Amino acid sequence: MMLRGLWRRRWLSLIVLIIAVVPVVAGSLGPMYTDAARTTLIRETLDKAILDHRGWRVTSVSDDAGELVKEITAPFLLPPIRGAELLSPNDKATKTYPLMWVEGQCDHVTTVVGRCPRAANEIMVSRASGFTVGDTVKLSLLSDPGAEKRRLTPLRVVGVYETDAADPLWYGRSLFPQTAGVTEGNGDPLLTAPETQGTVGVKTGGDRIDALVGAAWTSTAILYIDRNKITGDDVASLESLHARLRALGRTGETTTVFGYMDETLEAVHRRVDSLSVPTTLVTVQLVALGWLLLFLTVRDLVAARAQEIALARLRGLSTLRIWAFGLSEPAFLLLAALPIGIAASWAVVSRMAATLLRDDLVVTVDGFTVLCGVAAVFGGLLATALAARQTVTQPVVEQWRRTPRSRRRAWVVDAVVLAITAVGLAELLAGDVITDATGQRASALIAPGLLAVALALIARRLLPLACRALFRLTRTHGDIGAFLAMRQISRGSATASTVIVLAAGLGLAVFAVAAWSVTSRNYQEVARVHNGAETVFVVPRSDVATLRKISADVPGTAPVIVTPGPPAMLATDPARFASVALWRPSYAGNRPLNGMTAKLTPRTAAPRVLVGGDRIRAEVSTPKMPDGWSAILYADFRVTGETKPAIIPLGRPDSRIKVHEWGLPRGCREAVCELRGLRLEVTMAAGASLEDGPTGSVVVKKLEVRQDGRWSTVDAGLADTNRWTPAFVPRGGLPLSLESFGTGAVRPDTFPDPLPALSSGPGAGQKLPGLDDGHFSGFESVASAQALPGLNAPGVVVDLETADRVAYGYSPRTEFQIWAAPGRGDEVREALRRGSVPVLATRTTDDLVSGYVTQGPGLALLLLIVSAGVAALLALGRAVLALHTAARRRTYEMAALEAAGARVRPLRVALLLEQTITLSWGALTGVLAGLVAAWAALPRVPEFAETPVTPPLDYSLVPVPVLLVACAVLALSMIAAAVTSELLLRGVRVDQLREAPA
Amino acid sequence: MTQAVRCDGVVQIYKTKEIEVVALRDIDLVIEEGESVAFLGPSGAGKSTLLWLLAGLLRPSAGRLWLGGTEIGRLGPRALDRLRAAQIGVVLQNPARNLIPYASAVQNVTFAQRAVRRRARRAAGDLLDRVGLNGVRDKPAGRLSGGEQQRLAVAVALANRPRLLLADEPTSQLDMATGQTVIELIKELGTTSVVVTHDPRVSEATSRTVTIRDGRIGAEGRHGEDFVVVGREGAVQLPPEYHELLPPGSMARVEPLPDGVVLRRAES
């Protein structure tokens, strides 16, 4: 009978089924999508991680490492790569070689000549080693155990290999120094067969002391995470596994576990944790919207069965049976919706995963997903029961007589919802209570739902009131169409649910569009600022001259060196920088970048004092030193390849000695050094009198260096007041005060101090790290901006030449970059390739934007916009259906009017007006709710896993997409209103009057 | 004889949001077991309300109402449901309203039997036989003709062997012949029956008529003769045909006679 009933109401049943699928989809899609997104995040983290961050290398000199890790298994772990190695000098002690075997090594090397070792004492050598097939190699730690006299075991070269040093088999270690061209003392691995370990010299588990001093085989096992198998659910397992391995490394001094899994896990958490809260909130709101739709649609279904339910009561069925009878159809549809909804979720998430996340994701339906679907169904059942309550409990006579019931209690619900919204909004705008663990207010995502419902509740009451006022006017003026429309809306029967559903659905959709458009713009802006240029090429660290030359050779580029802060420092060629950097004048009061960067280069700077050679001598005149007092004259040099100054004592100034000579730093023999300063340190012996301290100055008159045995004068401008600082009075040379509190140090005035800089953020009083990240200098802001290209933290932009003059070298923390002008990335890449400039990494703004999108908040917003779009369409559909149903009930009344002589046109106008007003009112309320929610919540909705410090994020709405959505919704509403009105009018027949009213 | 129905000063007031409507006032009525009674009267007089009271769908606002010795004012909703399921069969106006249109004739009968024990149920086949619908037993009720639907409605009402059959305008939408079939069917049943009707054929077929006007019992007819009913406080409703002689609002003198009184118009 139930199936027959469903078939009789097949269209309504189908709509209920579709609507019932919504909360199931919403409920199950969230967890499934979250799983897929978490898997994406963890796999992307691992993809970007270097080899030793993706696994563990267990080594033991006393046990078999393979055995140690045998028990450590997980579905996402690749089988351990076993191996062993012995580090030993060769027989002549000229080089140290790792003799090693690794499982599967032959598959990971390219055999250039010969073959892979198969038997004991056979080895394979790298091409760079210089050995050839047939050679023998002897290692001092490998001796023949059977021989009476210690005799080194010869290892026979049977093959020559080449390999990729980045192959996971080598665990990211610097194993191939010879291949890399660094030959000092270390050779490339000698790959052997495992049998060698058992036949020669020492072996694993041997003498403990040997083991500890490294004179034993070290057994190794490398465990890698399989990036294709690990999923978002495996984070806890991964942590537990890591803890076990860490514990293994602590068990004894002979076992060590290498790896950086702590950092990997931290990165995973940082990204994954920012996903859970937003996606849960989005899911909850969508499920709630689904329940609301279900509530309203089931109410229609149950209302359509009111007659049958009344019959059941008339026949004396018990309350329980009446409930069962009343809910049987919607309950059946809900149960049918569970598998359909889960299957639909699976299909949607699979599609989303393939197009938006990764193509290697396998979307699975796990127990939790099914549980969420079941919970959504139960919520739907509750909504169904609430919807059916009035019909099921209404006395039969009331149902027949259509006695209106008091609706006073509806105000209570409205008041509660409004109060919750007000409190939530107040906390959102003013408080810090609703904050999540990461400090970002992901709870702000609940705002659109709350606001949409609250505004809808107000709007549904306002519309009938307004129409009631107009009703009086249309009663006396105009034609019957407006009057009928006003009267119907003012009754409020279909208006309330339509306005609520439309406002809630569209509010969410408008918010989602606003959130997405604002977030996308922020992603773009942040990417522009953080990357600095459209394309950035990271090149090997060399020196400023080389970097500038690379840039000079490639048009449309700028040389940049970034030193992380705080404050971060970006050193560049100001003119080239201004021409390639992505700049918004609004960041600096509408000033162009080139106008500001022009101030970075100092007007005058003394030339550098360059020296080269093995000795230096200084001609000085020194006043007579008091008894007990002495002084030492130091010279500071910047030496190529160093980051610290090289200091040499030139001599002890004495009135009797005119010339002091000392060896130059070693680095100055091969490359030119820069004299960075002269210092005089005056010391007082015990018993000397302070009052009798030295006076006057040591005057440096001439500096000479010796190169290739010949002395030449250094162009130091010792008597030139413009070339040294602080200012001095030349006395035939450069004076250095001997007085206790005098200026005993001078430097060539090659750079201004403080440095002129463009600054962003609070940096006053801070010192710049400098290119060497060691010798800080002050800076003077010539212009400030809210954000500066290339800086992801408050920092400064300085002139590259000036920064280079300040520094003593280049810190390993600095990054040398070549920036490409917009649209010239490919050209620059090609030019760099042609110029044989290695490119270590390429970063584009698009790459950064893609990275932001795949962070937790970005993925959550993606879920929000897809789901909200679908929900909005369903809401519109449901609203049109409600209006259609309500109007259809009135076809009897329309037929009566037609029979009484009313023309069709006013009836058409009445229907059209009624539907247009209601739909537009609901749509406008939704748009308003979405905009208010966007205004209130957007600044608090997390957009990034870690909120960027600079540039300031812009939360002003992007009008075009919001307007497009609003216009599309209104246009759809109008079309829906026109179509339903016409359909209804065509259904009005005077013959209907022969039948009882429905 | 046993009383199937007894109303003692029954008053029914409908309360809506704004107004209260007195639908029935001071109804005193006794219906004996096996009696068939037709409620007559103009629309809005309160016939259907009285029928709903007898069906246990309403509880009187005042007064007492007994159905087969049970005072329904003292029953809770559940007991009322049980009473209705076991003792009362109802046929509503408009045959389609009595039926679940998509269910077959048999399913409609068995649906009505859900609330009673098996032994209290009549075999659905027998019932349909009796109302002449065995040939369409599996046809959805919505596809039956008006007459078939009305006969099926009667069969559904009788499904639980009710002691009291209540029918509201059972012939109102039927043609002459079909209406006659339904009347014959109700007559044949022999159970206590109360029928609300405007159809003189129905009233003629019943042993007693009760005319309700303005919420009061104004007259009763037995064996072809109509009587006015002296209500509580001596109130008597003059039949409309005498309103010409004594128009509403006119003054009359009451003159006693050995077996009653005479009303004479007082000249003002």
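What counts, and where the lines are drawn
Residues numbered from 1 in each chain as written. Chains lettered and ligands numbered in written order. Predicted model: local features only at pLDDT ≥ 70, side-chain atom pairs only at ≥ 80, totals over all residues. UniProt positions renumbered as here; feature names shortened; annotations may be inferred. Helix = DSSP H or I, 4+ residues; strand = E, 2+ residues; numbered from the N terminus. Contact = placed C-beta atoms within 7 Å. Nonpolar A, V, L, I, M, F, W, Y, C, P; charged D, E, K, R; others polar. Buried ≥ 20, exposed ≤ 12 C-beta atoms within 10 Å, placed from the backbone. Arc of directions from axis to C-beta. Pairing = 2+ DSSP bridges. Axes fitted to C-alpha atoms, helices over the stretch in contact; angles between N-to-C directions. Parallel < 35°, antiparallel > 145°, perpendicular 65-115°, else oblique. Left-handed = near helix turned anticlockwise from the far one by under 90°.

By the naming in an unreviewed UniProt entry, chain B is ABC transporter ATP-binding protein, taken from Planotetraspora mira.

Identification of chain A as ABC3 transporter permease C-terminal domain-containing protein from Planotetraspora mira is taken from an unreviewed UniProt entry. Heading Subcellular location (unreviewed entry) of the UniProt record for chain A holds this comment: "Cell membrane".

Draft legend 1. Quick peek at the overall build of chain A. Regarding its fold elements, chain A presents 26 helices and 29 strands. Counting contacts in chain A only where the partners sit at least 6 residues apart, residues at least 24 apart contribute 81% of the total.

Draft legend 2. Local environment of the interface of chain A and chain B. On the chain B side, the residues contacting the 19 residues of chain A number 19 residues. Secondary-structure elements contributing two or more residues to the side of chain A that touches chain B are α1 (2–8), α8 (306–314) and α11 (396–401) of chain A. A per-element tally of the side of chain A that touches chain B places α8 of chain A first, with four residues. When the residues that make up the side of chain A that touches chain B are grouped by side-chain class, the tally is eight nonpolar, six polar and five charged.

Draft legend 3. A look at helix α21 (residues 825–834) of chain A. Residue and element names in this part refer to chain A. Turning to α21, its buried residues number three or more, namely Gly825, Val828 and Leu832. When α21 is viewed along its axis, its buried side chains cluster within an angular range of 65 degrees and face the same direction. Summarising the geometry of α21, the exposed residues directed more than 90 degrees from the buried face are Asp826, Glu830, Arg833 and Arg834. The inward-facing, buried residues of α21 contact β11 (535–539), β12 (557–563), β28 (815–820) and β29 (841–844). Among the residues trailing α21, Ser836 stands out with phi positive, at a value near 55 degrees.

Draft legend 4. Inspection of the sheet that holds strand β10 (residues 216–222) of chain B at higher detail. All names here are of chain B. The sheet built from seven strands is open, its strands ordered β6-β7-β8-β3-β9-β10-β11 with mixed pairing. Looking at strand neighbours, the two that pair on one side only are β6 (88–91) and β11 (225–228), the edges of this open sheet. Each strand of the sheet is rotated relative to its neighbour by a mean of 20 degrees, with strand direction disregarded. Pairing analysis gives four bridges linking strand β3 (residues 36–40) to strand β9 (residues 208–213), with the strands arranged parallel. Among the inter-strand pairings, Phe39 is bridged to a residue of β9, identified as Val210.

Draft legend 5. Representation of the packing of helix α9 (residues 319–357) of chain A against helix α10 (residues 367–393) of chain A in the model. Residue and element names in this part refer to chain A. Where α9 contacts α10, the axes come no closer than 9 Å and their chain directions differ by 155 degrees. Put simply, α9 runs roughly antiparallel to α10. When the axes of α9 and α10 are compared, the crossing they make is right-handed. The segment α9 lies against α10, with Ile322, Trp323, Gly326, Leu327, Pro330, Ala331, Leu334, Ala337, Leu338, Gly341 and Ile342 engaging Thr369, Val370, Gly373, Val374, Val377, Gly380, Leu381, Thr384, Ala385, Ala388, Thr391 and Val392. Its residues placed into classes, the contact of α9 with α10 shows 16 nonpolar, seven polar and no charged.

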